[in-house]
Amino acid sequence: GTTLGAAAAETGRYFGTAVAVNKLSDSVYVGILNREFNMVTAENEMKWDATEPNQNQFNYTSGDRLVSHAQANGMRVRGHALAWHQQQPGWAQNMSGTALRNAMLNHVTQVATHYRGKIYAWDVVNEAFADGGSGGRRDSNLQRTGNDWIEAAFRAARAADPGAKLCYNDYNTDGQNAKSNGVYAMVQDFKARGVPIDCVGFQSHFNSQSPVPSDYQANLQRFVNLGVEVQITELDIEGSGSSQADSYSRVVRACLAISRCTGITVWGIRDTDSWRASGTPLLFDGNGNKKAAYTSTLNAL
Ligand code: XIL
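Quick notes on the rules
- Residues numbered from 1 in each chain as written.
- Predicted model: local features only at pLDDT ≥ 70, side-chain atom pairs only at ≥ 80, totals over all residues.
- Heavy atoms only, no water.
- UniProt positions renumbered as here; feature names shortened; annotations may be inferred.
- Helix = DSSP H or I, 4+ residues; strand = E, 2+ residues; numbered from the N terminus.
- Phe/Tyr/Trp six-rings, centres within 6.5 Å; stacked < 30°, edge-to-face > 60°.
- Buried < 20%, exposed > 50% of the residue type's maximum accessible area, 1.4 Å probe, protein only.
- Near = heavy atom within 4 Å.
- Polar contact = N/O pair within 3.5 Å; in protein donor to acceptor, adjacent residues only side chain to side chain.
- Areas by Shrake-Rupley, 256 points an atom, 1.4 Å probe, with all protein chains shown as cover.
- Pairing = 2+ DSSP bridges.
- Right-handed = clockwise from strand over helix to strand, strands pointing away.

Going by what an unreviewed UniProt entry lists, the protein is known as Beta-xylanase and is assigned to Micromonospora wenchangensis. As recorded by UniProt, the Catalytic activity (unreviewed entry) comment attached to the protein reads in full: "Endohydrolysis of (1->4)-beta-D-xylosidic linkages in xylans."

So, in structure tokens, the structure goes:
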């Protein structure tokens with residue numbers, strides 16, 4: 001293949017990017033998007049604050065624009081994210097108890113129903129585990145509604161859109177560590193008890209403090225061994241030149257070595273599109289030119 005998407009498709013995988021819908025009027029941005037990618041994730045437009053700004057008043061305008069663009073250009077869509085402690089609307093941020101639990105489940109049901117049939121995979125729950133050595137859940141208003149909030153969210157999502165793959169998604173779970181051990185135990189428990197979960201997303205935000213782990217592939221493999229698919233969902237790697245290019249190719253090779261690693265998504269197109277405050281973590285420079293990291297990624301696919 002001569003593009004990322006076409007090369008990934010040769011092994012039955014996809015290559016995606018996060019998209020900011022307000023950039024769909026930027027011709028350089030859209031040119032790269034339409035040429036290179038065959039999966040898209042809404043960078044912000046399907047999050048709770050965007051889709052339910054007032055309780056029970058839903059706004060799908062921007063999310064629908066992304067779905068339309070994807071459908072018109074032969075791309076699929078990863079849904080991101082139904083339940084998360086961040087980017088909650090103000091009305092939800094200070095809710096608690098049964099009221100918050102019901103509001104969260106209603107949100108999952110309504111949004112997954114709106115997009116039913118249009119989403120390849122949903123990040124049903126995002127970033128619910130704590131950093132550090134505890135291996136336990138992150139404290140949040142959602143967690144304080146009861147430890148079963150995650151499985152309740154997955155059950156609601158399955159009922160609303162039985163055709164979408166349902167994923168748990170997190171960061172700093174890319175190698176074997178206390179946090180990924182906690183997620184692993186949850187997935188193992190969900191599979192044992194029949195809680196509907198199909199995939200685990202590994203965000204894979206890397207930098208010099210947090211490089212691609214040496215056991216990245218082994219960690220993906222142990223999750224696959226539990227009976228779920230794995231996906232690389234928000235890849236970016238700070239750096240430049242050949243060291244950045246080598247890191248990107250390591251990530252791609254790890255995924256391709258695992259049959260149930262079904263796709264890779266980068267978290268933006270050009271370095272200037274990145275959510276990161278500094279650095280050059282993506283595959284295209286600010287002018288839209290292919291970087292060494294692009295070439296190494298394409299060659300590894
Ligand atoms: C980021 C977006 O890229 C930014 O535009 C926004 O201001 C904050 O969120 N993990 C996630 C993504 O799951 O939703 C985050 O996206 C990046 C970290």
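Don't stop here, the text continues.
## Points about the environment of serine 68
Among the structural elements, serine 68 can be located in helix α4 (residues 61–72). Between the alpha carbons of serine 68 and lysine 118 there is a distance of 9.8 Å; along the sequence they are 50 residues apart.

## Let's talk about the packing of aromatic side chains
Scanning the entire structure with this criterion turns up twelve aromatic pairs. Aromatic pair phenylalanine 284 and tyrosine 294: ring centres 5.3 Å apart, planes at 55 degrees, arrangement tilted. Residue phenylalanine 284 is found in the loop between β9 (261–266) and α11 (292–300), and its partner tyrosine 294 is found in helix α11; the two are separated by ten residues along the sequence. Comparing phenylalanine 284 with tyrosine 294, the two get one shared label, buried.

## Section: the site of the ligand
Taken together, the neighbourhood of the ligand is formed by 13 residues, with Glu43, Lys47, His80, Asn126 and Glu234 sitting nearest. Asparagine 44 places a side-chain nitrogen or oxygen 2.9 Å from an oxygen atom of the ligand. Here glutamine 203 contributes a side-chain N or O atom positioned 3.3 Å from a nitrogen atom of the ligand. Contact with the protein chains removes 79% of the 410 Å² of surface that the ligand exposes when unbound.

## Points about the pairing of strand β5 (residues 165–170)
The two faces of a sheet get side chains in turn, since along a regular strand they alternate between them. Most of β5 is tucked away: five of the six residues are buried. Two elements, strand β4 (residues 121–126) and β5, share five bridges in a ladder whose sense is parallel. Bridging from a neighbouring strand, tryptophan 122 pairs with leucine 166 of β5. What joins β4 to β5 is helix α7 (residues 149–160), and the crossover it makes is right-handed. One ladder, built from four bridges, connects β5 with strand β6 (residues 199–202); its direction is parallel. Looking across to β6, one finds that cysteine 167 is bridged to cysteine 199. With helix α8 (residues 178–193) bridging β5 and its parallel neighbour β6, the resulting β-α-β unit is right-handed.

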